[in-house]
Amino acid sequence: ALKTSIDDDDDDKKCKGNDLGWVACEDPDLTKCTNSSGPSPKAANQHNDDADGIHLPAGQHLLIDIKDVDSSFLNSEERVATAMIELINESKLTLLSYHCHSLVPIGVSCAGVLLESHVAFHTWPLEGVITMDLFTCGGGLLIPVLPSIQRLFGVPRTPQLGEELEDIPEPSLQWAHKWRGWREGFGPESEDEIDGDDSALGHSYNDLDRYVLTKLNHDIKTPLVSTSTEYQTVDVYELLHPKERDMQSYKKSLSGDNSYEAQHPELFGPNRLLMLDGVIQSTLFGDASYHESIVHPAMFTHSNPKRVAIVGGGEGATLREVLKHETVERAVMIEIDESVVELAREYLPEWSDCSDIDASSEWCFDDERAEAKFEDAMTYFVDTFYNNNSARYQREDEYDIIIMDALDPNDGVDFATYLYTSDSYIQSLYKGLTQSGILVVQVGEIPRNRAPPDELGTFANRALMIKKLEEVGFKSIHIYAEAHSGFLAPWSTLVAFKDYETRADWYRNEAEMEIQVQKRIKRSKSGNPLLRYFDGPTMMGYQIPPKAFERNYCLRQDTPEDCSLQNELYTKHRQIISVTDLEVRNSTAGEHAGRGVFARKDIPAESFIALDDDARSFHVLPSTWAVIETMSEEVDGLDGVEMFIDGYGYNSVLLGKLHYAVDSGIMIFSNHGCNGTYNLGVAESCKATEMNINIHQIPPLVARESAYNPLVARHLRKRMSGIGGHECAMRDIKAGEEILVNYLYYEVNPEEWKADIMDIRGQCLGEHVGDITKYESGTERE
């Protein structure tokens, strides 16, 4: 066995430095050791430097597995020991002693004692495998030594008799890096005290550690760039995980033959991850789904987006998606860190590639419609729009769309808090939009199932921003999620409309959205679709917020009334009265009331009535109603269709503009119970009648006082069908008794509120009859 110890011949030299800042100290009293010649403490990350009295009970652990290594190398005690010593020297570490031992019948184990801690490995020559771990309590980063490990220990196999050199697989390396021990509470209390050090000494566990560095099962894990800019750290990693792609198919895709893999290499290659300050920002596999999801829903909802602003998005992919729209005349990206743009161009070229967009450029930033402002976005918006009389403000500078693709709301930095909660900034965003403008904000992962409400948890910034968006004047706020963005949880996006009527275009149906895509997306040079993920059916999914946001909304400290009603619907047992227990005959509600619905048997209080029919109501969407109104004036006979929908349907503007829901069963003939005589409805509405209601004060539901309500957004179709309010028998209804409803409950159009109430009041007083009676008697047509 080889065993040796390294001694310092110079007894007078107790401390020595090296060009990476490592401190080799042989004095047992470590408090006397200082760094002699390394770079600054920030660059050197010197945990062993006692000048500041810093000795943390912490370190770094590098774990390495290499396979397909030459067996003779792995079985040579001398060769592996030599490789270990060379590695220590190249890594600027300090070897105190080591011990290597040849095993029987085969293999070698080695352990080296370092001033900084230890290195150890074991070999399996027959299998061509070596496993190694390197631990240091110093601050010098260990990941940069990986190329040396690969070169010194990844010795290729020598071809055996009958083997060709090209058939010998290259040694492959898997590795993991872990931060060990404790830092918090043992070192400086703040980053200011460590001169801004963002490395081991002041390290905080993040996405880069959690999902990349600590994993040992990637077939490929290559750091393409790890650097620091003026504002942040930037890491780009190339990863191939065996559960996502396999090495054999990847290698085949590089062969250049006629195989499917070689013809479609993009389907088999490794992923790429961009991380800023250790937080995942974007991935190659999730590029299309994330960036298309944050851009196109709002872009297609706006009728004619010409000017678009992007906050952040330095990798260029958000800009790329904006430039795919024919209507766009100016796309302004405000990014504080110009270095991110340049690094992304070099290491993530696909993100800013506009070469396939007709009449665009190879690099998206060279498109004549694109403009990059390398400055603080908050300062830009506040200085330009907060005071509309500022020197920078011009009305023509207002944007149709503003997309905030910046920090996550739960990032633990002060700037993230300002970005999501600053009053002046949020007001500036509002003022920076045109009257029909739309704000888009990526707001992080969706709430976990057992998470507290946002305002009490780690997403307090998200909750506060939504509140401030409502306060500043946005009329409608929606949240949707995309689960294929390449992140480790479904990612959510918020859209806020300045004009309530914008909802009508947000809630377009699938076919209408597909037509918009065809009309407004530029053609590609290749003939391939420019949109790889977004389409009409995808947009339909975005119209419904995730259940997690409804739950989070209902967990608020002051439980919204809608939530209490929703819980009661699912927790309180109610009898459901079938339509076969009802009949239609002449109404007793008045001389000109027409038909009415009557109970054929006794109905207990709180029973649901004809619920199945309510669920089968048919809907006339805003765009459809607009066509019917136009056509009824031009085509004979269509006025009856218009009258049927308007007379028997429940009108609403829940979808932004006027639309209708019409019962498909006999409940369509339910009449209004004048003077509070109705017996079907909801308890809290029992005090409101056409006579006592204040026609000058629109109720909250009608007035749309809450711009953000994910519960209503999730159950919108149910609300439109007439079962969203949970109407039930308000008292026992006897057999033969007419079922009467409160029409006031269905008046949810603020523009027609007063006129509709006066019409119902007039019918109850016998001053006139309803539209259906007029039409059927011929009065309306005359």
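Scroll up for the structure.
So, how was this worked out
Residues numbered from 1 in each chain as written. Predicted model: local features only at pLDDT ≥ 70, side-chain atom pairs only at ≥ 80, totals over all residues. Heavy atoms only, no water. Buried < 20%, exposed > 50% of the residue type's maximum accessible area, 1.4 Å probe, protein only. Helix = DSSP H or I, 4+ residues; strand = E, 2+ residues; numbered from the N terminus. Pairing = 2+ DSSP bridges. Axes fitted to C-alpha atoms, helices over the stretch in contact; angles between N-to-C directions. Phe/Tyr/Trp six-rings, centres within 6.5 Å; stacked < 30°, edge-to-face > 60°. Lys NZ or Arg CZ within 6 Å of the ring centre and 35° of its normal. Contact = heavy atoms within 4.5 Å. Polar contact = N/O pair within 3.5 Å; in protein donor to acceptor, adjacent residues only side chain to side chain. Disulfide = S-S within 2.5 Å. Core = buried A, V, L, I, M, F, W, Y, C linked by side-chain atoms within 4.5 Å. Arc of directions from axis to C-beta. Parallel < 35°, antiparallel > 145°, perpendicular 65-115°, else oblique. Left-handed = near helix turned anticlockwise from the far one by under 90°. Patch = residues over 30% accessible without salt bridge, like charges linked within 9 Å, V, L, I, M, F, W, Y side chains within 5 Å. Areas by Shrake-Rupley, 256 points an atom, 1.4 Å probe, with all protein chains shown as cover. Salt bridge = Lys/Arg side-chain N within 4 Å of Asp/Glu carboxyl O. Lys, Arg positive; Asp, Glu negative; His and termini not counted. Charge placed at Lys NZ, Arg CZ, Asp CG, Glu CD.

Counting buried positions over the six residues of strand β12 (residues 271-276) gives six, a clear majority of the element. Across the two faces of β12 the burial is the same, with N271, L273 and M275 and R272, L274 and L276 all buried. In this structure, strand β11 (residues 233-240) lies alongside β12, joined through six bridges in antiparallel fashion. Within the sheet, the bridge partner assigned to V236 lies in β12 and is L274. Strand direction decides the pairing type here: β12 and strand β13 (residues 279-283), joined by four bridges, are antiparallel. Opposite L274, over in β13, you have S282 as the bridge partner. Here β12 folds back onto β13, and the loop between the two strands holds two residues, one of which, D277, carries a positive phi near 50°.

Our next topic: the sheet that holds strand β19 (residues 476-482). Reading across the sheet, the seven strands line up as β16-β15-β14-β17-β18-β20-β19 and stay open at both edges, with mixed pairing between neighbours. Among the strands making up the open sheet, the edge pair consists of β16 (370-373) and β19. Going across the sheet, the axis of each strand differs from the next one's by a mean of 15°, ignoring polarity. Strand direction decides the pairing type here: strand β17 (residues 399-405) and strand β18 (residues 433-445), joined by five bridges, are parallel. Each bridged residue has a counterpart across the sheet, and for I403 the counterpart in β18 is V440.

Turning next to the packing of aromatic side chains. Centre-to-centre distance and the angle between the planes together describe a pair of aromatic rings. Throughout the structure, instances matching the rule amount to 22 aromatic pairs. The interplanar angle of 90° and the centroid separation of 6.2 Å between the aromatic rings of Y260 and F268 together place this pair among those described as edge-to-face. With 5.0 Å between their ring centres and 80° between their planes, Y380 and F381 make a pair best called edge-to-face. Of the two residues examined, Y380 and F381, each falls in the buried class. A connected cluster of aromatic rings, assembled from ring pairs, spans F300, Y480, F497, W506, F534 and Y542. One residue, R345, lies across the ring of W363, its end atom 3.7 Å from the ring centre. Over the aromatic face of Y386 sits the side chain of K431, whose NZ or CZ is 5.2 Å from the ring centroid.

Strand order in this open sheet of four strands is β10-β11-β12-β13, and the pairing throughout is antiparallel. For this open sheet the edge positions go to β10 (220-228) and β13, each flanked by a neighbour on one side alone. Along the sheet, successive strands turn relative to each other by an average axial angle of 20°, direction set aside. Contacts between helix α10 (residues 338-347) and the sheet are confined to β10, β11 and β12, with β10 contributing the most and set at about 155° to the helix.

Okay, unusual backbone geometry next. P105 follows V104 through a cis peptide bond whose omega is 10°. Summarising the element assignment, P105 is placed in the loop between β5 (95-102) and β6 (108-114). Positive phi, close to 70°, is recorded for E606, a residue that is not glycine. Mapping E606 onto the fold places it in the loop between β23 (595-599) and β24 (608-609). Residue class for E606 comes out partly exposed when judged on its relative accessible area of 35%. For N675, which is not a glycine, the phi torsion comes out positive at approximately 55°. On the secondary structure map, N675 appears in the loop between β28 (671-672) and β29 (680-681).

Turning our attention to the side chain of S360. Assignment of secondary structure puts S360 in the loop between α10 and β16. Since its relative accessible area comes to 14%, S360 is described here as buried. Of note is the side chain of S360, whose polar atom sits 2.6 Å from the side chain of D367. Beyond its immediate sequence surroundings of up to four residues, S360 is in contact with C354, D367 and K525.

What follows is about the state of the cysteines. Covalent bonding between the sulfur atoms of two cysteines defines a disulfide. Summed over the entire model, instances satisfying the criterion amount to four disulfides. One disulfide in the model links C554 with C563; its S-S distance is 2.0 Å. The disulfide joining C554 to C563 has a torsion of about -80° about its S-S bond and is therefore left-handed. Accessibility assignment for this pair places C554 and C563 in one class, buried.

Residues L62, I64, I149, F153, W175, Y237 and V322 are the most contacted members of the largest nonpolar core, which totals 88 residues. Ignoring anything within four residues of it in the chain, the contact list for I149 reads L62, I64, I66, L87, M132, G154 and L173. In this structure, I402, A406, L419 and F549 belong to the second largest nonpolar core, which totals 41 residues.

A word on helix α4 (residues 146-153). Buried residues of α4: L146, S148, I149, L152 and F153, and no others. Viewed along the axis of α4, the buried residues span an arc of 155°, placing them on a single side of the element. The elements touched by buried residues of α4 are β4 (58-67), α2 (71-74), α3 (77-90), β7 (117-124), β8 (129-136) and β9 (172-181).

It is worth spelling out the packing of helix α13 (residues 423-431) against helix α14 (residues 460-472) at this point. Running from amino to carboxyl end, α13 crosses α14 at an angle of 55°, the nearest separation of the two axes being 10 Å. Viewed along their axes, α13 and α14 adopt a mutual orientation that is oblique. You can see that α13 and α14 cross each other, and the crossing is right-handed. On α14, the residues that touch D423, I426, Q427 and Y430 of α13 are M465, K468, L469 and V472.

Looking now at a negative patch on the surface. Residues E629, E633, E634, D646, E752 and D771 make up a contiguous surface patch of negative charge. Looking at the negative patch, the element that brings in the most residues is helix α21 (residues 622-634), giving three residues. Within the secondary structure, E634 is located in helix α21.

Moving on to the environment of E398. One can find E398 in the loop between α11 (377-386) and β17. Take E398: its relative accessible area is 9%, and that puts it in the buried class. Through-space distance from the C-alpha of E398 to that of K431 is 7.8 Å; in sequence the pair is 33 residues apart. Filtering out sequence-adjacent residues up to four positions away, E398 remains in contact with R307, F385, Y393, K431, G432, L433 and T434.

Further remarks concern the environment of Q442. Mapped onto the elements, Q442 comes out in strand β18. On the accessibility criterion, Q442 (1% relative accessible area) is buried. In the structure, Q442 is positioned 148 residues away from I294 in sequence and 7.1 Å away in space, judged by C-alpha atoms. A polar contact of 2.9 Å, which involves the side chain of Q442, links it to the backbone oxygen of A406.

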